[in-house]
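Now for the letters of each chain:
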Amino acid sequence: MSVTTVAADQSVCAPLPVLGRDVTVPLVTGGEVTYAALDYAASAPALQRVWDDVAAYAPYYGSVHRGAGYLSQLSTDLFENSRVAVAEFLDCREGDQVVFTRSTTDSLNLLAAALPEGCQVFVFETEHHASLLPWRDARVTYLNAPRTPGQAVETLERALADREPHGPALVCVTGASNVTGELWPVRELAAAAHAHGARIVLDAAQLAPHHPVSVRELDVDWVAFSGHKLYAPFGSGVLAGRADWLTEAEPYLAGGGASRKVARRTDGGVDVEWHTTAARHEAGSPNVIGVYAIASACKALTEAGFGDLVAREQYLIGKVREGLAEVPEVKVLSLFGDEAPRVGVISFVVRGWNSSHFAAALSAEYGIGVRDGLFCAHPLVRTLLGSDPQDVGECGAPDGGTTSLNAIRVSFGAGTPDEHVDRFVRAVKELVRDGARWNYRTEDGRCVPDRG
């Protein structure tokens with residue numbers, strides 16, 4: 001859909017109400033301004049609907065699966081119904097399990113702990129560290145960054161065809177890059193994996209908040225995502241998909257809730273019978289509030305209509321990209337090129353500017369919150385910036401100099417008003433043209449306004 005067409009249709013979908021939309025922040029140059037939250041890729045603001053649902057439930061909070069009282073029974077029903085809501089949101093298959101975790105990182109570490117012996121893992125260097133690093137006990141093949149979606153499929157097919165021996169294998173791939181926002185060919189990668197006897201897990205942390213995710217249609221074996229990127233705070237995540245590897249693995253955590261029966265042996269030890277359901281990997285008191293928040297967000301996004309949400313987000317993407325294209329000093333980072341479909345995540349560098357300095361000026365002088373650094377995707381950012389893999393790069397400002405191995409990321413979503421995007425584009429143009437109006441210094445690795 002073109003920017004012009006979406007602009008004409010934007011009235012069909014206003015921004016969804018989110019917390020913080022009226023928060024004002026001070027400017028170093030004087031006065032206050034409404035905060036423009038443009039760091040959705042890190043943590044999206046909570047939907048007002050989610051907050052209201054949680055507030056309505058909070059007085060009824062009780063223990064889950066362990067109490068005969070009314071509040072415990074109510075909380076148990078809410079917890080299990082949330083599992084059903086997430087399964088519906090993801091269009092899971094019959095027999096798939098929905099396991100509640102702390103985050104995408106926790107979900108993928110859980111799956112890593114459940115890999116069968118001898119499993120080989122294939123992962124592109126372009127992944128977020130949450131999906132790049134958990135496979136420490138497996139044989140891992142890291143694949144070079146592709147430059148087209150087709151090349152991604154071809155690279156994976158070659159790697160899978162060459163693997164020896166032909167035992168269990170798992171492919172881990174993102175749905176949308178947390179650096180470039182570009183959509184990956186998930187369905188095609190899943191087909192390639194299955195054709196070579198491998199399974200595939202989808203990191204949907206950046207995809208699920210922006211696009212519908214169907215486990216059935218994408219034909220992935222598992223999907224992982226985080227509540228805090230899906231407009232649902234309180235520290236909860238999801239791993240959903242095939243049950244067999246999860247059921248056959250030792251519990252991720254050993255403790256109450258994961259065990260069905262524990263008995264002392266005559267030799268003084270204990271025998272344990274573990275659950276075979278999702279509870280097997282949910283030991284301890286679960287995060288009921290976080291789980292309910294995720295379920296509420298899933299329902300809210302579904303009811304709002306992903307078609308309208310996607311259309312409006314594409315309109316905002318067009319505004320940002322067109323505005324940045326008017327600034328010759330700005331280079332937008334991309335793997336697949338300008339025409340690649342993407343979500344509302346855009347990273348860039350500005351010639352002559354340290355990225356931390358630029359992000360600090362956006363915040364202090366314009367009340368705009370973005371992210372600078374390597375975005376927990378160090379190999380990908382190095383590739384996009386054309387640096388040597390061994391170059392030193394850390395998130396934050398260097399001690400001196402105007403450049404660094406960092407980038408700036410602006411990200412937005414269902415709660416972003418037009419004014420925030422317009423202010424961002426205007427601020428970028430003014431900073432590049434006129435420079436910062438304030439002095440800045442490095443403190444604890446961050447560039448901050450010099451108030452002394």
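Residues numbered from 1 in each chain as written. Predicted model: local features only at pLDDT ≥ 70, side-chain atom pairs only at ≥ 80, totals over all residues. Heavy atoms only, no water.

A. Examining the overall build of the protein more closely. Along the protein, the regular secondary structure elements total 14 helices and 19 strands. When its C-alpha atoms are laid out on the principal axes, the protein stretches across 80 × 55 × 50 Å. When each of the 452 residues of the protein is scored for burial, the buried share is 54%. Considering only contacts in the protein between residues 6 or more positions apart, those separated by 24 or more positions represent 71%. For the protein, the exposed area adds up to about 19300 Å²; of that, 50% sits on carbon and sulfur atoms. (Helix = DSSP H or I, 4+ residues; strand = E, 2+ residues; numbered from the N terminus. Buried < 20%, exposed > 50% of the residue type's maximum accessible area, 1.4 Å probe, protein only. Contact = heavy atoms within 4.5 Å. Areas by Shrake-Rupley, 256 points an atom, 1.4 Å probe, with all protein chains shown as cover.)

B. Looking closely at the sheet that holds strand 17 (residues 407-411). With respect to topology, 4 strands assemble into an open sheet ordered 13-14-17-16, the strand pairing being antiparallel. This sheet does not close on itself; its edge strands, each paired only once, are strand 13 (330-332) and strand 16 (371-373). For this sheet, the mean angle separating the axes of adjacent strands, direction not counted, is 30°. Here strand 16 runs beside strand 17; their pairing, made up of 3 bridges, is antiparallel. Note that in strand 17 the partner of D372 across the bridge is I408. (Pairing = 2+ DSSP bridges. Axes fitted to C-alpha atoms, helices over the stretch in contact; angles between N-to-C directions.)

C. Spotlight on the environment of S177. Of note, S177 is situated in the loop between strand 7 (169-174) and helix 7 (186-195). Its relative accessible area of 5% is what places S177 among the buried residues. Between the alpha carbons of S177 and E443 there is a distance of 30 Å; along the sequence they are 266 residues apart. Discounting residues that sit within four places of it in the chain, S177 has contacts with E182, W184, Q206, V345 and L380. Within the structure, the side chain of S177 is placed 3.0 Å from the backbone nitrogen of V179, a separation counted as a polar contact. (Polar contact = N/O pair within 3.5 Å; in protein donor to acceptor, adjacent residues only side chain to side chain.)

D. Structural detail: helix 4 (residues 104-113). Counting buried residues in helix 4 gives 7 out of 10 residues, a clear majority hidden from the surface. Residues of helix 4 that are buried include every one of T104, D106, S107, L108, L110, L111 and A112, and no others.

E. Structural view of the pattern of salt bridges. Going through the model one piece at a time under the given rule, you end up with 26 salt bridges. The shortest N-O distance in the salt bridge between E365 and R437 comes to 3.4 Å. Of this pair, E365 sits in helix 12 (residues 355-366) while R437 sits in the loop between helix 14 (418-434) and strand 18 (440-443); the two residues are 72 residues apart in sequence, bridging distant segments of the chain. Assessed through its relative accessible area of 2%, E365 is described here as buried. Between R433 and D434 there is a salt bridge, with the nearest N and O atoms lying 2.9 Å from each other. Relative accessible area serves as the criterion here: at 59%, R433 is assigned to the exposed category. One salt-bridge network, in which partners are shared between bridges, spans R199, D221, R242 and D244. (Salt bridge = Lys/Arg side-chain N within 4 Å of Asp/Glu carboxyl O.)

F. Quick look at the packing of aromatic side chains. In this structure the tally under the stated criterion is 13 aromatic pairs. Between Y40 and Y231, the ring centres sit 6.0 Å apart and the planes meet at 75°, which makes this aromatic pair edge-to-face. Of the two residues, Y40 is situated in the loop between strand 3 (36-37) and helix 2 (48-57) and Y231 in the loop between strand 9 (222-226) and strand 10 (237-241); the sequence distance between them amounts to 191 residues. Look at W222 and W245: their rings are 5.2 Å apart centre to centre, the planes differ by 35°, and that puts the pair in the tilted class. You can see W222 sitting in strand 9 and its partner W245 sitting in helix 9 (residues 244-248), a full 23 residues away along the chain. No difference in accessibility class separates W222 from W245, as the two residues are buried. Through a chain of ring-to-ring contacts, three or more aromatic side chains come together here, namely F348, W353, F358 and F424. A cation over an aromatic ring shows up here: R437 above the ring of Y366, its NZ or CZ 5.2 Å from the ring centre. (Phe/Tyr/Trp six-rings, centres within 6.5 Å; stacked < 30°, edge-to-face > 60°. Lys NZ or Arg CZ within 6 Å of the ring centre and 35° of its normal.)

G. Just the environment of H128, in detail. Take H128: it is sitting in the loop between strand 5 (120-124) and helix 5 (129-132). You can call H128 partly exposed: its relative accessible area is 24%. Considered as a pair, H128 and V23 are 105 residues apart in the sequence and their alpha carbons are 30 Å apart. Among the polar contacts listed, one links the side chain of H128 to the backbone nitrogen of A130, at a separation of 2.8 Å.

H. Here's a closer look at helix 14. Between its first and last C-alpha atoms helix 14 spans 24 Å; for 17 residues at 1.5 Å apiece the expected length is 24 Å, and the two agree. Within helix 14, the full set of buried residues consists of H420, V421, R423, F424, V425, A427, V428, L431 and V432. (Expected span 1.5 Å × (residues − 1).)

I. Seen up close, the packing of helix 6 (residues 149-161) against helix 7. Interaxial distance between helix 6 and helix 7 falls to 9 Å at its minimum, and their mutual angle equals 15°. In terms of their interaxial angle, helix 6 and helix 7 are classed as roughly parallel. Judged by the twist between their axes, the crossing of helix 6 over helix 7 is right-handed. Contact residues: A152, V153, L156, E157 and L160 in helix 6; E188, L189, A192 and A193 in helix 7. When grouped by side-chain class, the residues that make up the contact of helix 6 with helix 7 number 7 nonpolar, no polar and 2 charged. (Parallel < 35°, antiparallel > 145°, perpendicular 65-115°, else oblique. Left-handed = near helix turned anticlockwise from the far one by under 90°. Nonpolar A, V, L, I, M, F, W, Y, C, P; charged D, E, K, R; others polar.)

J. Structural detail: the sheet that holds strand 9. Strand order in the open sheet made by the 7 strands is 4-10-9-8-7-5-6, with mixed pairing throughout. Both edges of this open sheet fall to strand 4 (97-101) and strand 6 (139-143), since each of them pairs with a single strand only. Each neighbouring strand pair of the sheet contributes to a mean axis angle of 20°, computed without reference to strand direction. Both strand 4 and strand 10 contribute to a ladder of 5 bridges, which runs antiparallel. Bridge pairing in strand 10 links V99 to L239. Along the sheet, helix 3 (residues 70-89) makes contact with strand 4, strand 9 and strand 10, crossing strand 4 at roughly 115°. The strands touched by helix 4 within the sheet are strand 4, strand 7, strand 8 (199-203), strand 9 and strand 10, with strand 9 carrying the most contacts at an inclination of about 150°.

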